[in-house]
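# Fold and contact review
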Amino acid sequence: MKNEELNYLFKEKLSTPLITDACIRNSFPLRLAPFGIHPIVPGWKMAGSAIGVKHFGSVDVFIETIHSAKSGDILIIDNGGRTDEGCIGDLTALEALNAKMRGIVLWGVHRDTTEIKKLNLPVFSFGAFPLGPVRNVSEIADDYKIVRFGDEIVTGDDYVFADEDGVTFVHQQYLKTVLDTAAELSEKERKQADQIKQGKNLYQQFAFDKFLDLKKIDPRLSFRAYLKKIGGAIEE
């Protein structure tokens, strides 16, 4: 799937909760960014293929990586989760925008918030810090250039989904199934929401009395297992 098509589908119909629920439904790996990674501007939302880079204290690695990016790629920056240096600012964001990238997800903090907010390029990070990198840059062995984001290793085979609930990564081999399942779950949840608005609450929709009766017979019965039996969707 092309980045433009994927981003449109995600922005219009899906969300990171639906993507993660779809991974659980299919027993696929759950690969989430650490808690606290959020968009600089509320409402920013994006999806696309990942292109990763590890920061060592100098902006040249960003310029090189952005130059090799495809339209719609999302720049994934590994700064080790540091919160003591704003390793990107508005110039890096402008460079990515000029390369027609979709956005930036940073495991760390940014600076130049006011200027970045004016750009039509989503940036996700832990937050803002005014000081830029002041580290001395030395030659780095290739083994140390693996891009990590929290507990996850991110490669060019990954796709990124980011919104106000967080960021998740999906390997390309799982992408189609995840998207199909997420769309199915979305449709079910919207129908359930519409029924609530029309006066039929979840207790009624899920025949909750029946669940309680079955649980008396089998105390090990979980609500998740019961929902799967009746085709409901509220949690995975």
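A short tour of the structure in this document, coming up.

Calculation criteria
Residue positions are counted from 1 within each chain, in the order its sequence is given. Restriction of local features to residues with pLDDT of at least 70 applies here, the model being predicted, together with a cutoff of 80 or more for giving and counting side-chain atom pairs; totals for whole chains, interfaces and linings are based on all residues. To obtain the side-chain values, all non-hydrogen atoms of the structure were included, while hydrogens and water were left out. Two strands are counted as paired when DSSP detects at least two bridges linking them. Starting at the N terminus, helices and strands are each numbered in turn, a helix being any DSSP run of H or I of at least four residues and a strand any DSSP run of E of at least two. Only heavy atoms matter for contacts: two residues are in contact if any of them lie within 4.5 Å across the pair. Helix axes are fitted to C-alpha atoms over the stretch in contact, other axes to C-alpha atoms as well, and angles between N-to-C directions run from 0 to 180 degrees. An angle below 35 degrees is read as roughly parallel, one above 145 as roughly antiparallel, one from 65 to 115 as roughly perpendicular, and any other as oblique. Exposed residues in this analysis have more than 50% of their type's maximum accessible area, buried residues have under 20%, and partly exposed residues fall in between, with area computed by a 1.4 Å probe over protein chains only. Taken from the helix axis, the directions to the C-beta atoms give the arc we talk about.

### Thoughts on the sheet that holds strand E3 (residues 74-78)
Read from one edge to the other, the open sheet built from 7 strands follows the order E1-E7-E5-E3-E2-E10-E11, with strand pairing classed as mixed. Each end of this open sheet is capped by a strand with a single partner; those strands are strand E1 (38-39) and strand E11 (166-171). Sheet analysis places strand E5 (residues 103-107) next to strand E7 (residues 123-125), joined by 2 bridges and oriented parallel. Residue Ile104 lies in a different strand from E7, and its bridge partner there is Val123. Most of the contacts of helix H3 (residues 60-67) go to strand E2 (residues 46-54), to which it runs at about 135 degrees, and overall it touches E2 and E3.

### Here's the deal with the packing of H3 against helix H4 (residues 90-98)
Where H3 meets H4, the axes come as close as 9 Å, and the angle between the chain directions of the two elements is 10 degrees. Regarding the angle of H3 to H4, the classification is roughly parallel. Across the interface between the two elements, Phe62, Ile63 and Ile66 from H3 touch Thr92, Glu95 and Ala96 from H4.

### Overview of helix H9 (residues 223-230)
Within the sequence span of H9, burial applies to Phe223, Tyr226 and Leu227. Buried positions in H9, seen along its axis, are confined to an arc of 100 degrees and lie on one side of it. Among the exposed residues of H9, those pointing more than 90 degrees away from its buried face are Lys228 and Lys229. At its buried positions, H9 is contacted by helix H8 (208-217).

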